[in-house]
Amino acid sequence: MAATTADPRPLTGEPVCLDLLNTRWVADGEPLDLFAGAAGLTRVEGLALWLESTGLAGRFRADAATLVHLLTAREALARAVADPADESARTLVDAVLEHGRIRATLTAEGPGERAEFDDPTWGPAWTAARDYLELLAGAPDRIRKCASETCALHFHDVSRNGTRRWCSMAACGNRAKASRHYARTRER
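Residues numbered from 1 in each chain as written. Predicted model: local features only at pLDDT ≥ 70, side-chain atom pairs only at ≥ 80, totals over all residues. Heavy atoms only, no water.

Residues and numbers for the overall build of the chain, please.
For the chain, the helix and strand inventory stands at 6 helices and 6 strands. Across the 188 residues of the chain, 39% fall into the buried class. Considering only contacts within the chain whose residues lie at least 6 apart along the sequence, 47% involve residues at least 24 apart. (Helix = DSSP H or I, 4+ residues; strand = E, 2+ residues; numbered from the N terminus. Buried < 20%, exposed > 50% of the residue type's maximum accessible area, 1.4 Å probe, protein only. Contact = heavy atoms within 4.5 Å.)

Account for the packing of aromatic side chains, with residues named and values stated.
One pass over the structure, following the stated rule, counts 3 aromatic pairs. An angle of 70° between the planes, with centres 5.6 Å apart, marks the rings of F60 and F117 as edge-to-face. Residue F60 is located in the loop between α2 (43-53) and α3 (64-82), and its partner F117 is located in strand β4 (residues 110-117); the two are separated by 57 residues in the primary sequence. Consider the rings of F117 and W126, whose centres lie 5.3 Å apart with planes at 75°: the pair is edge-to-face. Among the residues examined, W126 registers a relative accessible area of 5% and is labelled buried. An aromatic cluster of three or more residues is present, and its members are F60, F117 and W126. (Phe/Tyr/Trp six-rings, centres within 6.5 Å; stacked < 30°, edge-to-face > 60°.)

Please give an account of the pattern of salt bridges that cites residues and values.
Evaluated as defined, the whole model comprises 12 salt bridges. With a closest N to O distance of 2.8 Å, R101 and E116 form a salt bridge. Placement of R101 in strand β3 (residues 100-107) and of E116 in strand β4 is noted, with a sequence separation of 15 residues between them. Overall, the relative accessible area of 44% leaves R101 in the partly exposed class. (Salt bridge = Lys/Arg side-chain N within 4 Å of Asp/Glu carboxyl O.)

Before we move on, can you summarise the nonpolar core with the specific residues and values?
One finds L20, F35, W50, L77 and C167 to be the most contacted residues of the largest nonpolar core, which totals 44 residues. Looking at this core, the elements that each hand over two or more residues are α1 (16-21), α2, α3, α4 (87-97) and α5 (123-138). Ranked by residues supplied to this core, first place goes to α3 with 8 residues. (Core = buried A, V, L, I, M, F, W, Y, C linked by side-chain atoms within 4.5 Å.)

This is the structure we're talking about:
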């Protein structure tokens, strides 16, 4: 993969678990997947790009085994986010979490912690599942899917009043506003 390959996804920079979900998106009515050839990338190149964008590239390798585990985590998280009451989704997330743990440490700055994995290829998948737990502990009601019916993206609402509805005001929000305006002017 060329070092200058731009991330083709319309929304990046979300917490790791939601950023993983956002490796699938819709553009011009066509579903795209960063791990399945979007933007002409191979599956492993898409993984390498995702690892780089999430800051995990220095800790984990982009290889086929890591990709398989990450796809497992993505499906588990997608189900858990879609229906938090789904017991089978919780079981799938727990199965991913079984592959790692947090070890308490003492650092020069004081108490710390470090993640450990039974197999390093589970690292990114476990990290995404663990990140989901942290979002749930902090503000589960702020984990959202874009309100656009044609959008598949998710975001963590960090707005002050917690009323964000769109993945992006420049994209989905603007389209919704334009659609409402068109409907109003057409009624007149």
